[in-house]
Amino acid sequence: MAKWDLSKIEEWEPPMTMDEYQEEALTTAIYPEDQALAYLSLKLCGEAGEVAEKIGKSIRDNKPLNDKDLAKELGDVLWYIANLADYLGYELSEVAEMNLTKLKDRQNRGVLGGSGDDR
């Protein structure tokens, strides 16, 4: 759940949209264009691994997670997703909408659990 401080409501602006984030993320992209798909995919996996590492170490060491550190890692994952989606010709909002449509369809058919892309 978002943790916004709305105490100064006159200064409040709504959070950016997914597509606005993607547009900004693309301005910071530095990677070899001729290897974009491989680079973005591998780096996405690496950043997702960093999220898993933080959670695993928290379990191993029996220490609470640092929510802010974990959120920063999730931001790195999001950056790679935004860039990969753009490479594939999609806006983040389109990817999100396709995903929810797929999940709701599975839910309606009673096959949300299980495995396989075409269930």
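For the structure, see preceding data.
For clarity, every value in this text was computed on a predicted model and none was experimentally measured.

Q: Explain helix α2 (residues 36–61) here, please?
A: End to end, α2 covers 37 Å across 26 residues, agreeing with the expected 38 Å (1.5 Å per residue, within 8%). Every buried residue of α2 is accounted for by Ala36, Leu40, Leu44, Glu47, Val51 and Ser58. Next to the buried residues of α2 lie α3 (67–87). Looking one or two residues beyond α2, the residue adopting positive phi is Asn62, at roughly 55 degrees.

Q: So what exactly am I meant to see when it comes to the environment of Ala82 here?
A: By the element assignment, Ala82 lies in helix α3. For Ala82, a relative accessible area of 0% puts it in the buried group. With 63 residues separating them along the chain, Ala82 and Asp19 place their C-alpha atoms 8.6 Å apart. Discounting chain neighbours no more than four positions away, the residues touching Ala82 are Tyr21, Gln22, Ala25 and Leu92.

Q: I keep staring at the layout of surface pockets and nothing clicks. Help me out?
A: A water-sized probe rolled over the atoms picks out the places where empty space is left. Volume-wise, the largest pocket comes out at about 180 Å³. Put simply, the parts of the chain that give the lining of the largest pocket at least two residues each are α2 and α3. A total of five residues in the lining of the largest pocket trace back to one element, the largest contributor, which is α2. Considered class by class, the residues forming the lining of the largest pocket number three nonpolar, two polar and six charged.

Q: Sorry, what's going on with the packing of aromatic side chains here?
A: Geometry of an aromatic ring pair is reported as the spacing of the ring centres plus the angle between the planes. Evaluation of the coordinates by the stated rule reveals two aromatic pairs. Look at Tyr31 and Tyr39: their rings are 5.7 Å apart centre to centre, the planes differ by 20 degrees, and that puts the pair in the stacked class.

Q: Would you take a moment to explain the pattern of salt bridges for this structure?
A: Side chains that carry opposite charge are capable of pairing whenever their charged atoms lie near each other. As enumerated under the stated definition, the model contains two salt bridges in all. With a closest N to O distance of 2.7 Å, Asp61 and Arg60 form a salt bridge. By relative accessible area, Asp61 is classed as partly exposed at 35%. What makes Arg60 exposed here is its relative accessible area of 59%. Among the salt bridges present, the one from Asp105 reaches Arg109, with a minimum N-O distance of 2.9 Å.

Criteria and thresholds
- Residues numbered from 1 in each chain as written.
- Predicted model: local features only at pLDDT ≥ 70, side-chain atom pairs only at ≥ 80, totals over all residues.
- Heavy atoms only, no water.
- Helix = DSSP H or I, 4+ residues; strand = E, 2+ residues; numbered from the N terminus.
- Expected span 1.5 Å × (residues − 1).
- Buried < 20%, exposed > 50% of the residue type's maximum accessible area, 1.4 Å probe, protein only.
- Contact = heavy atoms within 4.5 Å.
- 1 Å grid on protein atoms, 1.4 Å probe; cavity = no way out; pocket = protein on both sides within 12 Å on 5 of 7 lines; lining within 4 Å.
- Points joined across faces, edges and corners; volume = space filled by probe spheres on them.
- Nonpolar A, V, L, I, M, F, W, Y, C, P; charged D, E, K, R; others polar.
- Phe/Tyr/Trp six-rings, centres within 6.5 Å; stacked < 30°, edge-to-face > 60°.
- Salt bridge = Lys/Arg side-chain N within 4 Å of Asp/Glu carboxyl O.

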